Amino acid sequence: MEHYDGENDYMHQEDDWDRDLLLDPAWEKQQRKTFTAWCNSHLRKAGTQIENIEEDFRDGLKLMLLLEVISGERLAKPERGKMRVHKISNVNKALNFIASKGVKLVSIGAEEIVDGNAKMTLGMIWTIILRFAIQDISVEETSAKEGLLLWCQRKTAPYKNVNIQNFHISWKDGLGFCALIHRHRPELIDYGKLRKDDPMTNLNTAFDVAEKYLDIPKMLDAEDIISTLRPDEKAVMTYVSCYYHAFSGKQKAETAANRICKVLAVNQENEQLMEDYEKLASDLLEWIRRTIPWLENRLPENTMQAMQQKLEDFRDYRRLHKPPKVQEKCQLEINFNTLQTKLRLSNRPAFMPSEGKMVSDINNAWGSLEGAEKGYEEWLLNEIRRLERLDHLAEKFRQKAAIHEAWTEGKEDLLQKQDYETASLSEIKALLKKHEAFESDLAAHQDRVEQIAAIAQELNELDYYDSPSVNARCQRICDQWDALGGMTVKRTEALQRTEKLLETIDQLYLEFAKRAAPFNNWMEGAMEDLQDTFIVHTIEEIQGLSTAHEQFKATLPEADKERLAILGIHNEIAKIVQTYHVNMAGTNPYTTINPQEINAKWDKVRQLVPQRDQALIEEHARQQNNERLRRQFATQANVIGPWIQTKMEEIGRISIEMHGTLEDQLTHLRQYEKSIVNYKPKIDQLEGDHQLIQEALIFDNKHTNYTMEHIRVGWEQLLTTIARTINEIENQILTRDAKGISQEQLNEFRASFNHFDRKRTGIMDAEDFKTCLISMGYNLGENEFSRIMSTVDPNRMGIVTFQAFIDFMSRETADTDTADQVMASFKVLAGDKNYILADELRRELPPDQAEYCIVRMAPYTGPDGVPGALDYMSFSTALYGESDL
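Residues numbered from 1 in each chain as written. Predicted model: local features only at pLDDT ≥ 70, side-chain atom pairs only at ≥ 80, totals over all residues. Heavy atoms only, no water.

On a plain count of helices and strands, the chain comes out with 33 helices and 6 strands. Across the 885 residues of the chain, 45% fall into the buried class. In the chain, of all internal contacts separated by at least 6 residues, the share reaching a separation of at least 24 is 75%. Accessible area for the chain stands at about 45200 Å²; split by element, carbon and sulfur atoms hold 50% of it. (Helix = DSSP H or I, 4+ residues; strand = E, 2+ residues; numbered from the N terminus. Buried < 20%, exposed > 50% of the residue type's maximum accessible area, 1.4 Å probe, protein only. Contact = heavy atoms within 4.5 Å. Areas by Shrake-Rupley, 256 points an atom, 1.4 Å probe, with all protein chains shown as cover.)

Our focus in this paragraph is the packing of aromatic side chains. Using the criterion set out here, one finds 22 aromatic pairs in the structure. Here the aromatic residues Phe167, Trp171, Phe177, Phe207, Tyr239, Tyr243 and Phe247 are joined through ring pairs into a cluster of three or more. Here the guanidinium or amino end of arginine 131 rests over the ring plane of phenylalanine 132, the centre of that ring lying 5.2 Å away. Between the NZ or CZ atom of lysine 411 and the centre of the ring of tryptophan 407, over which it lies, the distance is 4.9 Å. (Phe/Tyr/Trp six-rings, centres within 6.5 Å; stacked < 30°, edge-to-face > 60°. Lys NZ or Arg CZ within 6 Å of the ring centre and 35° of its normal.)

Next up on the list: unusual backbone geometry. A positive phi is found at aspartate 215, a non-glycine position, where the angle reads about 60 degrees. With respect to the helices, strands and loops of the structure, aspartate 215 is situated in the loop between α10 (199–213) and α11 (222–227). Judged by relative accessible area, aspartate 215 falls into the exposed class, the value being 64%.

Let us look at the environment of glutamate 597. Positionally, glutamate 597 belongs in helix α22 (residues 595–656). Beyond its immediate chain neighbours, meaning those up to four positions away, glutamate 597 contacts Asn520 and Thr592.

With that settled, consider the packing of helix α13 (residues 304–345) against helix α14 (residues 359–408). Geometry of a packed helix pair, given as the angle between the helix axes and the separation of the axes. The contact between α13 and α14 brings their axes to 11 Å, and the two run at 165 degrees. Relative to α14, the element α13 is oriented roughly antiparallel. Crossing of α13 over α14 shows left-handed handedness. For the contact of α13 with α14, a count of residues per class yields 17 nonpolar, 1 polar and 12 charged. (Axes fitted to C-alpha atoms, helices over the stretch in contact; angles between N-to-C directions. Parallel < 35°, antiparallel > 145°, perpendicular 65-115°, else oblique. Left-handed = near helix turned anticlockwise from the far one by under 90°. Nonpolar A, V, L, I, M, F, W, Y, C, P; charged D, E, K, R; others polar.)

Let us now look at the side chain of asparagine 701. By secondary structure assignment, the location of asparagine 701 is in the loop between α24 (680–695) and α25 (708–739). At a separation of 3.0 Å, a polar atom in the side chain of asparagine 701 contacts the main-chain carbonyl oxygen of arginine 630. Of note is the side chain of asparagine 701, whose polar atom sits 3.0 Å from the backbone nitrogen of histidine 703. (Polar contact = N/O pair within 3.5 Å; in protein donor to acceptor, adjacent residues only side chain to side chain.)

This part takes up the nonpolar core. The biggest cluster of nonpolar side chains holds 79 residues, and the ones touching the most others in it are Trp38, Ile128, Phe177, Ile181 and Tyr243. With 11 residues, helix α7 (residues 118–134) is the largest single contributor of residues to this core. If we skip the residues at most four places from it in the chain, isoleucine 181 touches Pro186, Leu188, Ile189, Ala206, Val209, Ala210, Leu214, Tyr243 and Phe247. (Core = buried A, V, L, I, M, F, W, Y, C linked by side-chain atoms within 4.5 Å.)

Before going further, it helps to spend a moment on helix α9 (residues 175–184). Each α-helix winds once per 3.6 residues, and so residues spaced three or four apart point in a common direction. α9 sits mainly inside the fold: 7 of its 10 residues count as buried. Restricting attention to buried positions, one finds in α9 the residues Leu175, Gly176, Phe177, Cys178, Ala179, Leu180 and Ile181.

This part covers the packing of α14 against helix α17 (residues 446–461). One can describe the packing of α14 onto α17 by two numbers: an axis separation of 10 Å at closest approach and a directional angle of 150 degrees. With respect to α17, the axis of α14 lies roughly antiparallel. For the crossing formed where α14 meets α17, the hand is left-handed. In this structure, α14 contributes Arg389, Leu390, Leu393, Ala394, Lys396, Phe397, Lys400, Ala401, Ile403 and His404 to the contact, and α17 contributes Arg448, Val449, Gln451, Ile452, Ile455, Ala456, Glu458 and Leu459.

Looking now at helix α20 (residues 539–554). Under the 1.5 Å per step criterion, the end-to-end length of α20 is 23 Å for 16 residues, consistent within 8% with the ideal 22 Å. Every buried residue belonging to α20 is among Ile539, Ile542, His549 and Phe552, and all of these are buried. Along the long axis of α20, the arc covered by the buried residues comes to 145 degrees, so they all point the same way. Seen from the open side of α20, the exposed residues pointing more than 90 degrees away from its buried face are Gln551 and Ala554. (Expected span 1.5 Å × (residues − 1). Arc of directions from axis to C-beta.)

Before going further, it helps to examine the pattern of salt bridges. Enumeration over the complete set of coordinates arrives at 54 salt bridges. Among the salt bridges present, the one from arginine 315 reaches glutamate 312, with a minimum N-O distance of 2.9 Å. Of this pair, arginine 315 and glutamate 312 both sit in helix α13, 3 residues apart, which is roughly one turn of that helix. Take arginine 315: its relative accessible area is 10%, and that puts it in the buried class. Three or more residues joined by partner-sharing salt bridges are found here, namely Arg318, Lys322, Glu370, Glu373, Glu687, Glu709, Arg712 and Glu716. (Salt bridge = Lys/Arg side-chain N within 4 Å of Asp/Glu carboxyl O.)

Within the element layout of this structure, threonine 121 appears in helix α7. A polar side-chain atom of threonine 121 sits 2.7 Å from the main-chain carbonyl oxygen of asparagine 117.

A few words now on the environment of glutamate 528. By secondary structure assignment, the location of glutamate 528 is in helix α19 (residues 507–531). Overall, glutamate 528 belongs to the buried group, its relative accessible area being 10%. Residues glutamate 528 and lysine 400 lie 128 residues apart in sequence; the distance between their C-alpha atoms is 8.1 Å. Setting aside residues up to four positions removed in sequence, glutamate 528 forms contacts with Lys400, Ile403 and Arg448. Within polar-contact distance, the side chain of glutamate 528 engages the side chain of arginine 448 at 3.1 Å.

Quick look at the confidence of the model for the chain now. Across the chain, the average pLDDT comes to 79, with 85% of residues at 70 or higher. Across residues 880–885, confidence stays below pLDDT 50; counting only partners more than four residues off in sequence or on other chains, it has 12 contacts. (pLDDT = per-residue confidence, 0-100.)

Take a look at the structure:
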């Protein structure tokens, strides 16, 4: 009885309804209609009703029946007599029952009810309504009238033109009733068409809809409410309470249905995650399968342009094609971990991907891809170096061959001439000396022929694509050289045979020839050297070439003296010829070299010297630019490399240290992730510098130990690590919230995990985990420990992450909330039965989720052979599978 004492005060206050005065006629009319309809809504359940509220309750029989219907309890046996004493006895039994429910009846006696006192009869009915229809209403720690008013305010809050402050004038425009119906059953009323200035339409719409669709009888008249300045509060409160009970019962059923929908939604979401994982894994593995053969293709190209195109294609792969796949791989691992966490939280078995699609399989395939990628890049650079070397050698071969062929042009004809047969003695001697000069020239060209052969051999060894034409040209030069040697020997022998016939010799011509030939060779060699192409890779190499060139220029004054001396010999010959009128036909019989040719070649040498100077200066500038590129790249790489390492270490410390809540750690990690993503422009800038270095064909950098490959790998690992760490913290939050783990428990779990994580890697191996379990009091055999490991390490990698450790510990301490929720849902849907029909599920659940559940009901048979029915065990198995439920 104490439970209702607080409410007695409220009922006492409600009793201030002018007991000593007559009711206001308008209010009395409203109360009569409302209370009569309210009583009949309950009496209909017993197959009867009342017509006149003060007359039909006088004998107490229907009053007792009303109380039995609304309370669900049996009252004392009524008196069936027609006498006044019998009627008073029945009414007293009803009043005593009301009093037994904690209701204090003031000034209401059985005699007044029997006498048909309208005021007392209405007061008694209002007391019954308060006790059985309003008192038990509870909303946000308020009850009875205040609770009902708060419920109305909460439900009508979204409607701007509705302001419920009481149970009289706030309802006169009818929008409050329409808002309550529309809030719970929007399909019944087109609320947008209602107008505040048309209360009659609003009230009649609400009353008609409530009676037709909600089984709420029409307890009020729209005309009475509109015509009354202040509608009767009790009548309105009674009618509104019927709305509350109609919708609150529906809400309980919806809550049970929503609980089932939530379970079905989780199952459907998990299945979708599994399908997404399988598709994403298949696509990624297929891309890797297609890409590796391309990276393993080592078919060399013949030209530098073709190899440069391959290098550009490889850069496009690195810059455009691979980064999205890195993101897909990271997202695949995140989806897999999230799915496993959700399955564990739902007490579902761990997800096992299809054969060959495990995370470890993808990691192995990715490792093969990166291995092929690294080997492909090294091969590309080596091939470019090889082709560069080949192009240089081929050009050098062509230049030397052209010079030699130009020198040998006409030499065979010269050696084969038989002019000595008809020559005079002086002519023979001249021919002999000329031939000696030729032999000297021939010997001087021996080095060039050997160089040509050596270059051809090197081109063959380096697999030059045009080796056949090089070999053919080299063979022609060698064959011609051998022929020249043989013909030279034959001509020497012929001249020596006729030497005895030749006694006159012009020493000046001979001296000219002897000095002009080496000087000519020197000039030709100088021109060849000055026009020789060069390739260098460092400042030191170009400085060496510049030093050698300066040394060469230092010899030019001495060479000029030699030139003047040779020209002096020629001038002396001319002087002698002119002086002694010697008939020499104006030519030197010992050599084809003439002063004009010497001067022309000397001018050519002088012309080539500044050109060589300019070429060396330009190459020196290029090498200086290359050195600047090296230093520029090294300056950034020496900052970015340690920065990535530092961030990796900081992320590792955040993931294992216990600073703040999981949300704090997650916020901290996301700030780190943001700062890392904001660092991406520096990586891109370094990529641009690296591209400039590659385009400049720079292959080494002594200013840094970091290569672009190191930076790329470190950057990708950093992005993967921060994403994986954030995912682990998010999964820990999911586990904590789902299992109700406190922050102190999480700290204890983390402390235990860190203590046995001896290597400080953020994971425990199997032995460390076993030691941790033993220290916590587990009595482990091999079979039990194997069972636990299969739970925390479904991938059989031999490690235990902190997330798996939390899942294991939370399962060990989990309560039976899930089973209780399933039982509650079953009872709400089943009602008084001990089974649920498929049609009931279709009525309470959305169509797609109802069919989802019914499909899983198919294997089960209801009790007593009822078709399409489920008992509790079959219901829970259909929803959750074979589990501990």
